[in-house]
Amino acid sequence: MKRLVALGISIGVLAGLFTWVAGSVTAIGSLAAPLVVWVGFAAWAVFYAAGGRTAGLVSTLTSTVSGLVWGWLILKATLGISAAGSPAVLGLMVAIGAFAMCVQASVKPLAFIPGAFIGAACFFGNAGLFWATLISLVGGALLAYASEILGDVVERALGGSSTAAPAAGEKATA
């Protein structure tokens, strides 16, 4: 069986279940709408872009969560300097945050720069909701890891030979 078909089955099933659960769980404690599907899918994409497997999971979790924290710091600094949220101040804070997300890549667990930017983008795109963004990023990363493991199982069960996804930047083969 082709690796991409096995991954398609596992990702399709888990993505469908995630969407169903996200639409059904309206609150966790006092946290309303704790699962945001598109944020989870963004983390899922980062996992595969980072190369998958355990290293990809670690890279996804560290980079996207660091980006989320940078987004939060950018927002807090902007509102601390300008209560009205001046576009000029926001631009300056984004410039500083973007610089920091690039420089932090010198630390191995934070080396995947796109993950940091995606984490920050998810924070801003999710209206600055820190906890819902965090839960969705972590959930998406864990589901991505599970989808790769389940893809291995599906592939073996249906007679495939490969047990590894193509590395980042490699072309998938039949």
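Heads up: the structure comes first, above all this text.
To keep things clear, this report deals only with the structure shown in the data block. (Residues numbered from 1 in each chain as written. Predicted model: local features only at pLDDT ≥ 70, side-chain atom pairs only at ≥ 80, totals over all residues. Heavy atoms only, no water.)

In this structure the tally under the stated criterion is 4 salt bridges. Its salt-bridge partner being E148, residue R53 comes within 3.7 Å of it at the nearest N-O pair. With R53 in helix 3 (residues 53–81) and E148 in helix 6 (residues 130–157), this residue pair connects regions lying 95 residues apart in the sequence. The class of R53 is partly exposed, set by a relative accessible area of 25%. According to the relative accessible area criterion, E148 is buried, its value standing at 1%. Three or more residues are tied together by salt bridges with common partners; here these are R3, R53, E148, D152 and E155. (Salt bridge = Lys/Arg side-chain N within 4 Å of Asp/Glu carboxyl O. Helix = DSSP H or I, 4+ residues; strand = E, 2+ residues; numbered from the N terminus. Buried < 20%, exposed > 50% of the residue type's maximum accessible area, 1.4 Å probe, protein only.)

So, about the packing of helix 3 against helix 5 (residues 113–125). Contact geometry of helix 3 with helix 5 gives a least axis separation of 6 Å together with a crossing angle of 50°. As judged from the angle between their axes, helix 3 and helix 5 are oblique. When you trace helix 3 past helix 5, the crossing you get is right-handed. Residues S63, T64, S66, G67, L68, G71, W72, I74 and L75 of helix 3 form the contact with helix 5, whose own contacting residues are G115, A116, G119, A120, F123 and F124. Here the contact of helix 3 with helix 5 is composed, by residue class, of 8 nonpolar, 7 polar and no charged. (Axes fitted to C-alpha atoms, helices over the stretch in contact; angles between N-to-C directions. Parallel < 35°, antiparallel > 145°, perpendicular 65-115°, else oblique. Left-handed = near helix turned anticlockwise from the far one by under 90°. Contact = heavy atoms within 4.5 Å. Nonpolar A, V, L, I, M, F, W, Y, C, P; charged D, E, K, R; others polar.)

This part is about the packing of aromatic side chains. Overall, the coordinates contain 6 aromatic pairs when judged by the stated rule. Geometrically, the ring pair formed by F47 and Y48 is edge-to-face, given 4.9 Å between the ring centres and 85° between the ring planes. A residue is classified by how much of its surface remains accessible, and F47, at 0% relative accessible area, is buried. What makes Y48 partly exposed here is its relative accessible area of 22%. An angle of 85° between the planes, with centres 6.4 Å apart, marks the rings of F47 and Y145 as edge-to-face. Separated by 98 residues along the polypeptide, F47 in helix 2 (residues 37–49) and Y145 in helix 6 bring together distant segments of the chain. Residue class for Y145 comes out partly exposed when judged on its relative accessible area of 27%. (Phe/Tyr/Trp six-rings, centres within 6.5 Å; stacked < 30°, edge-to-face > 60°.)

A few words now on the state of the cysteines. Following the criterion strictly, the structure yields 0 disulfides and no others. Free cysteine: C102, not disulfide-bonded; nearest cysteine sulfur from C122 at 17 Å. Looking at C122, the relative accessible area reads 2%, which means it is buried. (Disulfide = S-S within 2.5 Å.)

It is worth spelling out the nonpolar core at this point. Residues V36, V39, A42, A43, L68, C122, F123, A132, L134 and L137 constitute the largest nonpolar core, which totals 10 residues. Listed by contribution, the elements that provide at least two residues to this core are helix 2, helix 5 and helix 6. Residues contacting A43, with those up to four places away along its chain left out, are T60, L137, G140 and A141. Within the second largest apolar cluster, 7 residues are counted, among which are L14, W44, F47 and A141. (Core = buried A, V, L, I, M, F, W, Y, C linked by side-chain atoms within 4.5 Å.)

With that settled, consider a nonpolar patch on the surface. Taken together, the side chains of V5, I9, V13, L17, W20 and L158 define a hydrophobic patch exposed on the protein surface, amounting to about 570 Å² of accessible area. With respect to the helices and strands, the residue W20 is situated in helix 1 (residues 3–24). (Patch = residues over 30% accessible without salt bridge, like charges linked within 9 Å, V, L, I, M, F, W, Y side chains within 5 Å. Areas by Shrake-Rupley, 256 points an atom, 1.4 Å probe, with all protein chains shown as cover.)

The next thing to look at is helix 2. Taking 1.5 Å as the rise per residue, helix 2 with 13 residues should run 18 Å; its terminal C-alpha atoms sit 18 Å apart, in good agreement. Among the residues of helix 2, those classed as buried are V39, G40, A42, A43, W44, V46 and F47. Buried residues belonging to helix 2 abut helix 1, helix 3, helix 5 and helix 6. Backbone geometry just after helix 2 places G51 at a positive phi near 105°. (Expected span 1.5 Å × (residues − 1).)

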